[in-house]
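Examining the three-dimensional arrangement
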Amino acid sequence: MKILVSLIRNLLGGIIIAGDLLTRGSKKKRPAQQQQEVNQQTQNLSLYQFTACPFCTKTRRAMYKLNLPIEKRNASQGSKHRQELLEGGGKVKVPCLRIEQDGKVEWMYESSEIIRYLETRFA
Ligand SMILES: N[C@@H](CCC(=O)N[C@@H](CS)C(=O)NCC(=O)O)C(=O)O
């Protein structure tokens with residue numbers, strides 16, 4: 001039974017990922033200097049995620065469209081990032097955006113909130 005659930009989950013995950021790759025379109029284009037500044041700013045951000053999670057796919061898609069090279073950290077079972085997420089954010093739920101700013105760290109959960117934040121800051 002466990003194997004079947006895992007098989008279905010992986011299959012659905014594969015479909016979600018393939019669908020995303022086929023339909024994601026083009027990235028936002030910025031002048032080189034501006035993109036460099038954006039790249040610099042995104043160094044203080046990281047996305048805790050699972051590869052096949054639909055909410056993570058939605059968030060990664062927004063990151064791609066906005067052309068944001070945010071580090072992705074896989075929080076799958078047994079990973080060190082999962083432990084970081086639990087200790088830092090308080091729960092294992094993905095996606096979660098870790099925002100480091102002015103010496104403070106914020107853990108933002110909820111895909112819609114994360115996307116809104118990225119669009120407001122970088123669109
Ligand atoms: N409303 C949340 C839903 C996020 C969610 O349900 N994430 C699932 C993965 S798809 C999760 O983290 N579950 C906890 C777990 O699998 O340990 C969002 O939009 O971000």
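Please read these numbers as outputs of a predicted model, since none were measured by experiment. (Residues numbered from 1 in each chain as written. Predicted model: local features only at pLDDT ≥ 70, side-chain atom pairs only at ≥ 80, totals over all residues. Heavy atoms only, no water.)

1. Describing the side chain of threonine 59
- Summarising the element assignment, threonine 59 is placed in helix α3 (residues 54-65).
- Take threonine 59: its relative accessible area is 0%, and that puts it in the buried class.
- When neighbours within four sequence positions are excluded, threonine 59 is seen to be in contact with Leu47, Pro95, Ser111, Ile114 and Ile115. (Helix = DSSP H or I, 4+ residues; strand = E, 2+ residues; numbered from the N terminus. Buried < 20%, exposed > 50% of the residue type's maximum accessible area, 1.4 Å probe, protein only. Contact = heavy atoms within 4.5 Å.)

2. A short note on the site of the ligand
- Around the ligand sit Phe50, Cys53, Phe55, Arg82, Val92, Lys93, Val94, Pro95, Glu110 and Ser111, and those are all the residues in its vicinity.
- In the environment of the ligand, a nitrogen atom lies 2.9 Å from a nitrogen or oxygen atom belonging to the side chain of glutamate 110.
- Separating an oxygen atom of the ligand from a side-chain N or O atom of serine 111 is a distance of 2.6 Å.
- When isolated, the ligand has an accessible area of 510 Å², and the protein chains bury 67% of it.
- Here the residues of the shell around the ligand are counted per class, giving 6 nonpolar, 1 polar and 3 charged. (Near = heavy atom within 4 Å. Polar contact = N/O pair within 3.5 Å; in protein donor to acceptor, adjacent residues only side chain to side chain. Areas by Shrake-Rupley, 256 points an atom, 1.4 Å probe, with all protein chains shown as cover. Nonpolar A, V, L, I, M, F, W, Y, C, P; charged D, E, K, R; others polar.)

3. Looking at the packing of helix α1 (residues 2-23) against α3
- At their nearest, the axes of α1 and α3 sit 10 Å apart, and the two run at 15 degrees to each other. Considering their axes alone, α1 and α3 lie roughly parallel with respect to each other. α3 is crossed by α1, and the crossing has right-handed handedness. Of the residues in α3, those in contact with Ile16, Ile17, Gly19, Asp20 and Thr23 of α1 are Pro54, Thr57, Arg60 and Arg61.
- For the contact of α1 with α3, the per-class residue count stands at 3 nonpolar, 3 polar and 3 charged. (Axes fitted to C-alpha atoms, helices over the stretch in contact; angles between N-to-C directions. Parallel < 35°, antiparallel > 145°, perpendicular 65-115°, else oblique. Left-handed = near helix turned anticlockwise from the far one by under 90°.)

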